[in-house]
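Chain residues, written in single-letter form:
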Amino acid sequence: MGSTLAPTTAQSTHHGPVTTPPTLAWGQASAAALLSELLGEPVTVRHHCPACGSSAHGRPWTRLADGTQPDISIAHAGGLTVVGVTWTGRIGVDLEPATHTPPPGIADLAQWVRAEAYLKATGDGLRRDPATVNPDEPGAVWGTITIDPDHVATWCLVSLGILAVPAGPATL
């Protein structure tokens, strides 16, 4: 189905207080299938927009059979999907084809996927200018996901203590 990257083998650069890398999976499968593989049970992926409250878009989330809610993130590029799961903090993942050109104001593709992963983790999305994200963001930890030479992928964990956005849709 997909490949998984054990937390102990994540190639990463650590900045900040989050010390447990996420669990990641990728492959040519649906996000729900990859998350089910990681979490050990069938899951339904839902969305919640922290800005407008919509369930049609926004941060993905899931609730397990025992009622717990791991934090999840999803990215797609062509037929490839990458997912990340954490039980500590908030996670963002991003994935782009290696041939993708970053937007103006972004130095390179690595900076672009780092910025998008961070903005997904914080819940800011593209409401914040990605060019303003820097490697020294308070409470952020980044790691590179090595999938293949055709893709650039990154994960970011953010400590819950620095977030202005609520941690999740627990009241939904």
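Cut-off values and rules
Residues numbered from 1 in each chain as written. Predicted model: local features only at pLDDT ≥ 70, side-chain atom pairs only at ≥ 80, totals over all residues. Heavy atoms only, no water. Helix = DSSP H or I, 4+ residues; strand = E, 2+ residues; numbered from the N terminus. Contact = heavy atoms within 4.5 Å. Areas by Shrake-Rupley, 256 points an atom, 1.4 Å probe, with all protein chains shown as cover. Buried < 20%, exposed > 50% of the residue type's maximum accessible area, 1.4 Å probe, protein only. pLDDT = per-residue confidence, 0-100. Phe/Tyr/Trp six-rings, centres within 6.5 Å; stacked < 30°, edge-to-face > 60°. Lys NZ or Arg CZ within 6 Å of the ring centre and 35° of its normal. Pairing = 2+ DSSP bridges. Salt bridge = Lys/Arg side-chain N within 4 Å of Asp/Glu carboxyl O.

## A short note on the overall build of the chain
Summing up its helical and strand segments, the chain has 2 helices and 10 strands in all. Scanning the chain from its N terminus toward the C terminus, one meets helices and strands in the order β-β-β-α-β-β-β-β-β-α-β-β. Contacts in the chain between residues at least 24 apart in sequence constitute 53% of all its contacts with a sequence separation of at least 6. As presented, the chain carries roughly 8,100 Å² of accessible surface, and 55% of it is formed by carbon and sulfur atoms.

## Overview of the environment of V158
Along the chain, V158 turns up in strand β10 (residues 151–158). Using a relative accessible area of 0% as the deciding quantity, one classes V158 as buried. Through-space distance from the C-alpha of V158 to that of I91 is 6.5 Å; in sequence the pair is 67 residues apart.

## Some remarks on the confidence of the model for the chain
On average, the chain scores 83 in pLDDT, and the residues at 70 or more come to 82%. Least confident of the elements in the chain is strand β2 (residues 11–13), whose mean pLDDT is 45; most confident is strand β6 (residues 71–77), at 96. Overall, residues 4–15 carries pLDDT values under 50, and its contacts beyond four positions in sequence, including any with other chains, amount to 31 contacts. Counted against residues more than four places away or in other chains, residues 165–172, with its pLDDT under 50, gives 16 contacts.

## Quick look at the packing of aromatic side chains
Here the structure, examined in full by the defined rule, presents 1 aromatic pair. Above the face of the W61 ring, R46 is positioned so that its terminal group lies 5.6 Å from the ring centre.

## Structural notes on the pairing of β10
Counting buried residues along β10, 7 of its 8 residues qualify, which places the element largely inside the surrounding structure. Of the strand pairs in this sheet, strand β8 (residues 90–97) and β10 are connected by 8 bridges, and their pairing is antiparallel. When the sheet's bridge partners are listed, V93 is paired in β10 with W155. Here strand β9 (residues 140–145) folds back onto β10 in antiparallel fashion, the turn holding 5 residues.

## Digging into the pattern of salt bridges
Here the structure, examined in full by the defined rule, presents 3 salt bridges. One salt bridge connects K120 with D94, and the closest N-O pair in it is separated by 3.7 Å. Residue K120 is located in helix α2 (residues 109–122), and its partner D94 is located in strand β8; the two are separated by 26 residues in the primary sequence. Here K120 falls in the partly exposed class, since its relative accessible area comes to 26%. Assessed through its relative accessible area of 3%, D94 is described here as buried. Several salt bridges converge on common partners, so that one network encompasses R59, D71 and R90.

## Topic: the environment of P60
Inspection of the secondary structure assignment puts P60 in strand β5 (residues 59–61). With a relative accessible area of 15%, P60 lands in the buried category. Along the chain, P60 and H48 lie 12 residues apart, while their C-alpha atoms are 6.5 Å from each other. Those residues in contact with P60 that lie beyond four places of it in its chain are V45, R46, H47, I72, S73 and I74.

## Some remarks on helix α1 (residues 31–39)
Because each turn of an α-helix spans 3.6 residues, side chains separated by three or four positions end up pointing in the same direction. Looking at α1, one finds that the buried residues are A31, L34, L35, S36 and L39. Downstream of α1 by one or two residues, G40 has phi in the positive range, about 80°.

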